[in-house]
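Here are the chains, one letter per residue:
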Amino acid sequence: MQKLAVAPLFLATLVLAGCGASNSSGNTSSASGATPSASGAGTPAPAATAVTGTVKLQDAAAEVTPQATLELSLVDVTQQPGVTVNKQDFSPPRFPQAFHIPFSASAINTNDLYVLQATMQDNGRTYTTKLQQPVLTRGQPASVDLTLVAEPTPAEKMLDDFNQAKRQTGGMTVKSGTASKIGESRSWQVFSDLHGVEFIIEQVNQADKGFTKTEYAYRDSLPWVVVQEQLPKADAPATSTQRVGWGNNGVLVLNQNVSGGKTSALSDTQAKALHDQAEAEFKRFSKKH
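Residues numbered from 1 in each chain as written. Predicted model: local features only at pLDDT ≥ 70, side-chain atom pairs only at ≥ 80, totals over all residues. Heavy atoms only, no water.

### Some points on the packing of aromatic side chains
Alright, step 1. Following the criterion strictly, the structure yields 5 aromatic pairs and no others.
Alright, step 2. Taking 6.2 Å as the distance between ring centres and 80° as the angle between the ring planes, the aromatic pair formed by Phe191 and Phe199 counts as edge-to-face.
Alright, step 3. Of the residues examined, Phe191 reaches a relative accessible area of 9% and is grouped as buried.
Alright, step 4. Sitting over the ring of Trp224, Arg219 keeps its end group 3.8 Å from the ring centre.
Alright, step 5. For the cation-ring pair, Arg284 lies above Trp188, with the distance from its terminal atom to the ring centre recorded as 4.6 Å. (Phe/Tyr/Trp six-rings, centres within 6.5 Å; stacked < 30°, edge-to-face > 60°. Buried < 20%, exposed > 50% of the residue type's maximum accessible area, 1.4 Å probe, protein only. Lys NZ or Arg CZ within 6 Å of the ring centre and 35° of its normal.)

What follows is the structure in structure tokens.
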């Protein structure tokens, strides 16, 4: 469904010092009582009364759900905060999506800078343009084509931060240990800095039951991210991977269960079990390091 918020339109009469003769395209412009021009000069093109163009996705193969919403806004960014002149919504958009955003001539200040902003929300992901597109004034066009780029989701950002943190463990103090009992052997590495335990990697070999590798990361002494892999043996590819992570307020942000090439979410019980496990490991090793 397309929604258009339209500002009042005013038709401005062009009073030309010259004639009202037809131009080469067949468009005519005249003013009542105007004196014909002796020079026969052409009529200036009328000022734009709308911003038009199309929007496409950078990833043309990306699937857009029926719940997707695209919003385009014509904004005066010289004003602070920016002032929206008009906008157009599409629910859902159909790419490439054409748009037409009208405005009144009186709403545009030729000395100000105007940009066309485009944002799409779909299935928890935000799509935006890499740069804001200037339009209308200061020699900028009234017709533009935009490309939307997918931004990382909060879960993707957290996982990327986790991987960066893991690469920084090389500069930390590391202590290793092993333990074993009938049918199980366990090894671990604990990475610490001035703030205490920051990272733990634990590996458990249960012989015929397989191999489990778990990575725990902490922030402010609290569980931050846990990544647990199940493998048939230590050097084999993982058969399943569980990833969970919590924000500063303890809310679950990252929640992935990858198995058989498919990704799903862990249940609240499963996620809590990994959180409790991370807390227990922190208490166990923080006393020793």
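Here the narrative resumes, following the displayed structure.
### Remarks on the nonpolar core
Alright, step 1. Among the nonpolar cores identified, the biggest contains 23 residues, and Val51, Leu72, Leu74, Phe99, Leu116, Val135 and Leu148 are the most heavily contacted of them.
Alright, step 2. Of all the secondary structure elements, the ones that give two or more residues to this core are β2 (50-57), β3 (69-76), β4 (83-90), β5 (97-102), β6 (114-122) and β9 (143-150).
Alright, step 3. Tallying contributions element by element places β6 first for this core, with 4 residues.
Alright, step 4. Those residues within four positions of Leu74 in sequence are excluded, and the remaining contacts are Val51, Val83, Thr84, Val85, Asn86, Phe103, Tyr114, Val115, Leu116, Val135 and Leu136.
Alright, step 5. One finds Tyr218, Val226, Trp246 and Ala271 within the second-largest nonpolar core, a separate group that totals 15 residues. (Core = buried A, V, L, I, M, F, W, Y, C linked by side-chain atoms within 4.5 Å. Helix = DSSP H or I, 4+ residues; strand = E, 2+ residues; numbered from the N terminus. Contact = heavy atoms within 4.5 Å.)

### Some details on the environment of Tyr218
Alright, step 1. Within the fold, Tyr218 resides in strand β13 (residues 211-219).
Alright, step 2. Residues Tyr218 and Ile200 lie 18 residues apart in sequence; the distance between their C-alpha atoms is 8.8 Å.
Alright, step 3. Other than its neighbours up to four places away in sequence, Tyr218 contacts Val197, Glu198, Phe199, Ile200, Pro223, Trp224, Ala278, Glu281 and Phe282.
Alright, step 4. In this structure the side chain of Tyr218 is engaged in a polar contact, spanning 2.8 Å, whose partner is the backbone oxygen of Ala278. (Polar contact = N/O pair within 3.5 Å; in protein donor to acceptor, adjacent residues only side chain to side chain.)

### Points about the pairing of β3
Alright, step 1. Most of β3 is tucked away, with 6 of its 8 residues classed as buried.
Alright, step 2. Pairing geometry for β3 and β6, over 8 bridges, is antiparallel. Paired with Glu71 across the bridge in β6 is Thr119.
Alright, step 3. Relative to β4, β3 is paired through 7 bridges, and the arrangement is antiparallel. In the strand pairing of β4, Ser73 is matched with Lys87.
Alright, step 4. As consecutive antiparallel partners, β3 and β4 are separated by 6 residues. (Pairing = 2+ DSSP bridges.)

### Some thoughts on the layout of surface pockets
Alright, step 1. Taken as a whole, the largest pocket holds about 280 Å³ of empty space.
Alright, step 2. Taken together, Glu63, Thr65, Asp122, Asn123, Gly124, Arg125, Tyr127, Thr153, Pro154, Ala155, Glu156 and Gln256 form the lining of the largest pocket.
Alright, step 3. Secondary structure elements with two or more residues in the lining of the largest pocket: β7 (125-128) and α1 (154-167).
Alright, step 4. Tallying contributions element by element places α1 first for the lining of the largest pocket, with 3 residues.
Alright, step 5. Of the residues in the lining of the largest pocket, the class split is 3 nonpolar, 5 polar and 4 charged. (1 Å grid on protein atoms, 1.4 Å probe; cavity = no way out; pocket = protein on both sides within 12 Å on 5 of 7 lines; lining within 4 Å. Points joined across faces, edges and corners; volume = space filled by probe spheres on them. Nonpolar A, V, L, I, M, F, W, Y, C, P; charged D, E, K, R; others polar.)

### Observations concerning the pairing of β13
Alright, step 1. For β13, the tally of buried residues reaches 7 of 9 residues, placing the bulk of the element in the interior.
Alright, step 2. Looking at chain direction, strand β12 (residues 196-205) and β13 are connected through 7 bridges and run antiparallel. Bridge assignment links Asn205 to a residue of β13, and that residue is Phe211.
Alright, step 3. Between β12 and β13, which pair antiparallel one after the other, the connecting turn spans 5 residues, and Ala207 there sits at a positive phi close to 55°.
Alright, step 4. Alignment of β13 against strand β14 (residues 222-231), held across 9 bridges, turns out to be antiparallel. Its bridge partner lying in β14, Ala217 is registered against Val225.
Alright, step 5. Between β13 and the antiparallel strand that follows it, β14, lie 2 residues; Asp220 among them carries a positive phi value of about 55°.

Read these as layout, nothing more, since geometry by itself doesn't imply function.
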